[in-house]
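Residues per chain, in single letters:
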Amino acid sequence: MDLNALSRQHPIIQELREKQNTLWMNNSRKREDFSRFTIKDVEEAESRLQRFAPYLEKAFPELEQTNGLIESPIVAIPHMKKWLEQKAGGKIDGDLWLKADHALPVSGSIKARGGIYEVLTYAENLALEKGLITEKDSYSAFKQPAFKQLFSSHHIIVGSTGNLGLSIGIMSAKMGFNVTVHMSADAKEWKKALLRDRGAIVVEHRADYEKAVARGRKEAEQSPNAYFVDDEHSHLLFLGYAAAGLRLKKQFARAGLTVDRHHPLYVYLPCGIGGGPGGVAFGLQLVFGPHVHCFFAEPTESPCMLLGLATGLHDQISVQEIGLSNQTEADGLAVGRPSGFVGKLAASFIAGSYTVKDEQLFGMLAGLAETEKIRLEPSALAGMAGPLVLSHHKKVKGHPLHLVWATGGSMVPDSIMEQYIRKGRSVSEESFKMNI
Ligand SMILES: *Cc1c(COP(=O)(O)O)cnc(C)c1O
């Protein structure tokens, strides 16, 4: 790759190299006919989750309240809106809401959507194949010993920076599968410990996410009865995430929130490899059509999706190739090369993508804890910068509803959360400014 030639063609590369807050708007966005998936595929995913609800309710006591649905609330965060305006000295038009996926039951992050869905799909296929169940039966049967026995001769393998491993590991172990999680160097110790405690095998790598995934894929190829959850290519993960769109539409209706031409919805999604935010954005696009505008949010050191989209090179380019480190405290977003599958799909519907500095993530982490008593992990704050970035660039119209997708945090141990908050409080006002 000739970096100079590429930078001349795409000046945004120089901006990314300077590690400042960068905004890329998608000028070739199409609003219809954008994909190989349709609403039918997403509805099918939702139906499968509904079939499994009676099992999930039994398997996880925390799901009794929701009758086995793994879902999170939406909450207005007006105090945080004020905080953001004061800190950055800007103005945010419209209302600010949070989608509380940090509080998703079972695994405490957005990965509880796609990851658990893929494990359930695999389990369902095995059980159907063996004649243990039909789609008409109550899936509470999955708790029976015959199922555990079947699954105990199968092996689920995944590579992760942490949270995908948590969701796949927790769900697989609960159902009786053998499960191995290949963790990248970024993965936090407490996530590895929690997984081992639940019965998963954790393999630690000194390399980054891409290598951990490659090792997992290789292990799966070499083992009989192994199933690899492929974060870079999985359609199942994507559709599990996309089901969030159908759910959010109902949630908005219940809360009396309108999305239309005069009340556009702006959604900000922290992005790593792209499956989670891409899937959710896809689902939202299907249900809200032209009135929703979804943005990816990434650390300044790991803007892999922005780079892939802006250059059109997708997975043919990595952030390391333009001189970035892929070193970030936002472990969930520490991905140097995006999913080509997701990038090519998202190119047709995503509104844009922007970057945030680590110290800004920490600043907002402390700000949110103080103003709204909501505690998120660093990655999950990337979306919070969106309303400022967009308002600053005058990219919002009408009376917008800004929805920040809070992607993780409820499982972070208290002592570590306290450290995050302390670190956030010590961020200087100057470094917090979004000089976009
Ligand atoms: C994984 C993750 C994301 C991004 O999802 P990808 O599918 O990797 O793009 C965002 N936030 C958190 C907390 C995550 O764990």
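Only a predicted model underlies this, so the values are computations on that prediction, with no experimental measurement involved.

Looking only at helices and strands, the protein features 17 helices and eleven strands. Rg of the C-alpha trace for the protein: 21 Å, near the compact-globule value of 22 Å for 436 residues, within the 12% margin. Considered along the principal axes of its C-alpha atoms, the protein spans approximately 60 × 50 × 45 Å. When contacts within the protein are restricted to residue pairs at least 6 apart in sequence, those whose partners lie at least 24 apart make up 76%. With the model as given, the accessible surface of the protein reaches about 17000 Å², and the carbon-plus-sulfur share is 48%.

On to helix 16 (residues 414–425), then. With twelve residues, helix 16 should cover 16 Å at 1.5 Å per step; its first-to-last C-alpha distance of 16 Å lies within 8% of that length. Regarding helix 16, the residues found buried are Met 417, Tyr 420, Ile 421 and Gly 424. Each buried residue of helix 16 sits inside an arc of 95° when the element is viewed along its axis, so together they form one side. The inward-facing, buried residues of helix 16 abut helix 14 (358–372).

Most of strand 10 (residues 352–356) sits out of view: five of its five residues are buried. Residues of strand 10 alternate between two faces, with Gly 352, Tyr 354 and Val 356 on one and Ser 353 and Thr 355 on the opposite face, all of them buried. Summarising the sheet, strand 9 (residues 292–299) and strand 10 pair through five bridges and their orientation is parallel. From the neighbouring strand, Phe 296 faces strand 10, where its bridge partner is Ser 353.

Before going further, it helps to examine the domain arrangement of the protein. Each assigned domain of the protein is listed with its residue range as follows: domain 1 (3–36 + 69–107 + 236–432) and domain 2 (110–233). Domain 1 and domain 2 are separated by 26 Å when their C-alpha centres are compared. Carbon and sulfur atoms supply 60% of the area buried between domain 1 and domain 2, which totals about 2900 Å² over both sides. Taken together, the links from domain 1 to domain 2 amount to six salt bridges. Residue Arg 337 is joined to Glu 210 by a salt bridge in which the shortest nitrogen-to-oxygen separation is 2.9 Å. Here domain 1 and domain 2 share twelve residue pairs in polar contact (both at pLDDT 80 or more) between them. Of all the secondary-structure elements, those providing two or more residues to the side of domain 1 that touches domain 2 are helix 10 (235–255), helix 11 (275–288) and helix 16. Here the side of domain 1 that touches domain 2 gets six residues from one element, more than from any other, and that element is helix 10.

This part is about the pattern of salt bridges. According to the stated counting rule, one finds 21 salt bridges in the structure shown. With its nearest N and O atoms 3.0 Å apart, the salt bridge here joins Arg 196 to Glu 204. Salt-bridge contacts for Glu 232 lead to Arg 217; the nearest nitrogen and oxygen are separated by 3.0 Å. Residue Glu 232 is located in the loop between strand 7 (226–229) and helix 10, and its partner Arg 217 is located in helix 9 (residues 209–222); the two are separated by 15 residues in the primary sequence. With relative accessibility at 14%, the residue Glu 232 sits in the buried group. When its relative accessible area of 22% is taken as the criterion, Arg 217 is described as partly exposed. One network of salt bridges, in which partners are shared, links Glu 46, Glu 71, Lys 99, Asp 101, Arg 113 and Arg 247.

Rules behind the numbers
Residues numbered from 1 in each chain as written. Predicted model: local features only at pLDDT ≥ 70, side-chain atom pairs only at ≥ 80, totals over all residues. Heavy atoms only, no water. Helix = DSSP H or I, 4+ residues; strand = E, 2+ residues; numbered from the N terminus. Rg over C-alpha atoms; globule rule 2.2 N^0.38 Å. Contact = heavy atoms within 4.5 Å. Areas by Shrake-Rupley, 256 points an atom, 1.4 Å probe, with all protein chains shown as cover. Expected span 1.5 Å × (residues − 1). Buried < 20%, exposed > 50% of the residue type's maximum accessible area, 1.4 Å probe, protein only. Arc of directions from axis to C-beta. Pairing = 2+ DSSP bridges. Domains from an automatic or database assignment. Buried area = accessible area lost by both parts, 1.4 Å probe. Salt bridge = Lys/Arg side-chain N within 4 Å of Asp/Glu carboxyl O. Polar contact = N/O pair within 3.5 Å; in protein donor to acceptor, adjacent residues only side chain to side chain.

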